[in-house]
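# Structure assessment
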Amino acid sequence: MHHIKERIKPFISWVVGDGKFIDPWCDRWIPDIGVATPKPNTTPDPMIRVSDCIDQNLRRWNLAKLSQHFDQSSVEKIVIIPLSSSISSDRRAWDLNRDGKFTTKSAYLALRGRSTQPQDLMWKKFWRIKIPYRVQLFVLKAAVNAIPVREILSQRIHLESVLCPFCQDQPESIMHIFLQCPCTRRVWNISNLYSYVNLFNGTDIRDWLRFWLGCHPYSSTEEKVQKFPLIACIMWSIWVGRNNLIHNARTDSHETILNRAMHLFPNKNPQRDSITQATPAGNRTLSWSPPPPGWTKFNTDGAWDHISNKGGAGLVVRNHAANFLYAAASHSCFISAEEAEIRGIWLAVKKAWEMNYKKVLIESDVEVVIDQINAGNFAGTWSTDALLQDIKNWKSNFENISFRFVPRCCNSVAHDLAHWGKTTMLDMFWASPPIWLMPALGRDAPS
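Residues numbered from 1 in each chain as written. Predicted model: local features only at pLDDT ≥ 70, side-chain atom pairs only at ≥ 80, totals over all residues. Heavy atoms only, no water.

In this section: the domain arrangement of the protein chain. Along its sequence, the protein chain is carved into domain 1 (1–101), domain 2 (121–264) and domain 3 (296–444). Placing a centre on the C-alpha atoms of domain 2 and another on those of domain 3 gives a separation of 31 Å. On the side of domain 3, seven residues touch domain 2, which itself brings six residues to the contact. A buried area of about 590 Å², summed over both sides, lies between domain 2 and domain 3, and 57% of it is on carbon and sulfur atoms. Our count for the contact surface shared by domain 2 and domain 3 stands at zero salt bridges. Our count for the contact surface shared by domain 2 and domain 3 stands at zero residue pairs in polar contact (both at pLDDT 80 or more). In terms of residue class, the side of domain 2 that touches domain 3 is made up of two nonpolar, three polar and one charged. (Domains from an automatic or database assignment. Contact = heavy atoms within 4.5 Å. Buried area = accessible area lost by both parts, 1.4 Å probe. Salt bridge = Lys/Arg side-chain N within 4 Å of Asp/Glu carboxyl O. Polar contact = N/O pair within 3.5 Å; in protein donor to acceptor, adjacent residues only side chain to side chain. Nonpolar A, V, L, I, M, F, W, Y, C, P; charged D, E, K, R; others polar.)

On to the side chain of Ser 330, then. Structurally, Ser 330 is set in strand β7 (residues 324–333). Under the relative-accessibility criterion, Ser 330 is labelled buried at 17%. If we skip the residues at most four places from it in the chain, Ser 330 touches Gly 311, Gly 312, Ala 313, Leu 347, Gly 421, Leu 426 and Asp 427. (Helix = DSSP H or I, 4+ residues; strand = E, 2+ residues; numbered from the N terminus. Buried < 20%, exposed > 50% of the residue type's maximum accessible area, 1.4 Å probe, protein only.)

Turning to a nonpolar patch on the surface, a few remarks are in order. Together, Leu 63, Val 79, Ile 80 and Ile 335 make up a nonpolar patch on the protein surface, roughly 300 Å² of accessible area in all. Considering the arrangement of structural elements, one finds Val 79 in the loop between α3 (72–78) and β4 (91–94). (Patch = residues over 30% accessible without salt bridge, like charges linked within 9 Å, V, L, I, M, F, W, Y side chains within 5 Å. Areas by Shrake-Rupley, 256 points an atom, 1.4 Å probe, with all protein chains shown as cover.)

Two elements in contact, helix α9 (residues 182–190) and helix α12 (residues 222–248), have axes whose closest approach is 11 Å; the angle formed by their N-to-C orientations is 145°. The two elements α9 and α12 cross, and the hand of that crossing is right-handed. Only Ile 231, Ile 234, Met 235 and Ile 238 of α12 make contact with α9, whose side of the interface consists of Thr 184, Val 187 and Trp 188. Along the lines of polarity and charge, the residues of the contact of α9 with α12 split into six nonpolar, one polar and no charged. (Axes fitted to C-alpha atoms, helices over the stretch in contact; angles between N-to-C directions. Left-handed = near helix turned anticlockwise from the far one by under 90°.)

Let's shift gears to the layout of surface pockets. The volume enclosed by the second largest pocket comes to roughly 480 Å³. What lines the second largest pocket is a set of 17 residues, and nearest its centre among them are Arg 59, Arg 60, Trp 61, Val 79 and Leu 83. Looking at the lining of the second largest pocket, the elements that each hand over two or more residues are β3 (60–61), α15 (337–354) and α17 (385–394). Of the residues contributing to the lining of the second largest pocket, the split by class is ten nonpolar, two polar and five charged. (1 Å grid on protein atoms, 1.4 Å probe; cavity = no way out; pocket = protein on both sides within 12 Å on 5 of 7 lines; lining within 4 Å. Points joined across faces, edges and corners; volume = space filled by probe spheres on them.)

Aromatic rings in a pair are described by how distant their centres are and how their planes are angled relative to each other. In the structure shown here, the tally under the stated rule is 24 aromatic pairs. A centroid spacing of 5.9 Å and a plane angle of 40° characterise the contact between Phe 138 and Trp 239, whose relative ring orientation is tilted. Taken together, the positions of Phe 138 in helix α6 (residues 133–143) and Trp 239 in helix α12 put the pair 101 residues apart, joining distant regions of the chain. Of the two residues examined, Phe 138 and Trp 239, each falls in the buried class. The interplanar angle of 75° and the centroid separation of 5.8 Å between the aromatic rings of Trp 208 and Trp 212 together place this pair among those described as edge-to-face. Here Trp 212 and Trp 208 lie together in helix α11 (residues 205–213), a separation of four residues that amounts to about one turn. (Phe/Tyr/Trp six-rings, centres within 6.5 Å; stacked < 30°, edge-to-face > 60°.)

This next bit is on the sheet that holds strand β5 (residues 296–304). With mixed pairing, six strands are arranged side by side in an open sheet as β9-β8-β5-β6-β7-β10. The open sheet has two edge strands, β9 (400–405) and β10 (428–430), and neither has a second partner. Here the average twist between neighbouring strands, direction ignored, is 15°. Summarising the sheet, strand β6 (residues 310–319) and β7 pair through nine bridges and their orientation is antiparallel. Considered in β7, the bridge of Val 317 is made with Tyr 326. Across the face of the sheet, α15 comes into contact with β5, β6, β7, β8 (359–364) and β9 while running at roughly 150° to β5. (Pairing = 2+ DSSP bridges.)

Here Glu 399 shows up in the loop between α17 and β9. Each C-alpha atom, one on Glu 399 and one on Lys 358, is 5.0 Å from the other, the two residues being 41 residues apart in sequence. Contact partners of Glu 399, with chain neighbours within four places excluded, come to Lys 358 and Lys 359.

This part is about the nonpolar core. In terms of nonpolar packing, the biggest core is built from 49 residues, with Phe 178, Leu 179, Trp 188, Trp 208, Phe 228, Ile 234 and Met 235 touching the most fellow members. Elements with a contribution of two residues or more to this core: α5 (118–128), α6, α8 (174–180), α9, α11, α12 and α13 (254–264). Among the elements that make up this core, the one with the highest residue count is α12 (ten residues). Filtering out sequence-adjacent residues up to four positions away, Leu 179 remains in contact with Thr 184, Arg 185, Trp 188, Val 197, Phe 200, Ile 205 and Trp 208. Val 360, Val 366, Leu 388 and Phe 398 belong to the second-largest nonpolar core, a separate cluster that totals 29 residues. (Core = buried A, V, L, I, M, F, W, Y, C linked by side-chain atoms within 4.5 Å.)

Next comes the structure, spelled out in structure tokens:
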């Protein structure tokens with residue numbers, strides 16, 4: 001047992017609460033580097049604790065103290081660690097799970113040198129799905145950018161045109177040919193899956209696959225997994241239609257493309273009939289809806305650049321009459337998209353408390369975080385634990401507060417605000433809507 005304990009130590013870190021139990025020179029508590037490095041030409045003070053570098057009244061890092069003891073690289077890492085607004089005890093967290101909780105499975109896989117990252121879990125689920133082998137192989141190639149769309153081919157050979165053969169308007173990328181082209185969108189429309197397509201603007205094809213396979217950051221449901229074979233077959237059939245147009249000068253109708261996919265789709269699956277016989281999604285567009293009378297709705301979102309780690313959070317507040325009350329955007333550096341999303345929810349709860357609203361409905365388009373909050377699980381890693389603890393503590397200040405997941409198409413205003421914060425690197429509060437936000441607000445207006 002002692003041998004195993006030593007081997008799993010690298011996967012355990014401290015989440016900073018009041019800092020009283022953390023030895024900055026020995027304990028793993030700083031992102032990426034673990035322990036602190038002393039300031040050059042100084043002798044480390046063995047009696048210092050992390051609590052000595054926190055202003056406990058303001059609940060923020062004391063930069064003067066940090067600079068007195070640690071080198072600049074350590075200080076830069078320390079100041080991005082969030083601190084809860086209320087004092088709590090330090091705790092250990094398991095780095096291999098998103099909620100910081102230890103599981104024997106993750107420890108076993110880590111000790112065997114295997115990863116539990118979402119990408120690996122996606123492929124594990126993918127290979128379990130029963131679909132024709134040719135379709136399976138095709139979807140695999142699409143996921144790793146290995147199908148010859150014109151945008152990829154043009155990087156290797158000279159092409160007269162990189163435009164999509166269907167619409168002849170935009171470059172033919174993998175996302176465009178399967179989800180963004182107006183012609184292929186009509187196929188998804190008659191399959192009754194069009195409303196889901198709109199959720200993936202600005203993402204890549206792996207996000208589309210993760211959603212249907214129920215992989216992080218999307219929740220897993222039996223209904224979504226049952227539909228995955230049809231999703232894969234439609235993608236394959238769209239590609240066959242694309243090749244027929246290019247190589248045989250034959251235009252397949254949208255119904256032909258869907259029927260070809262349905263021919264490959266397993267007949268025993270009960271989802272087949274419900275998908276094809278339901279009312280077309282084009283006749284029931286998803287959109288933002290006002291809260292009940294007496295409630296105030298906060299839509300929130302986060303944005304993150306994985307290269308620069310720059311991010312933003314945005315929120316918009318409206319009442320039951322769909323009247324704009326105010327909006328806010330903020331910026332910060334994050335280490336993950338999930339941290340940016342949680343920061344957005346944190347900002348919404350904080351503002352709702354400060355504005356003294358009593359009945360609050362908070363909506364976000366990140367299902368896994370909303371599910372976690374509704375399950376009463378407020379544990380997180382070093383980057384999210386303090387934010388989740390604040391949300392937990394602030395909930396008691398409301399007469400009623402509810403957290404709800406909505407698709408991206410119902411959260412577009414908050415999405416635009418979060419990206420504005422990320423791009424401008426500014427913090428802003430609007431008592432009246434800025435001009436650039438008016439189109440998004442107009443799309444949400446009740447008809």
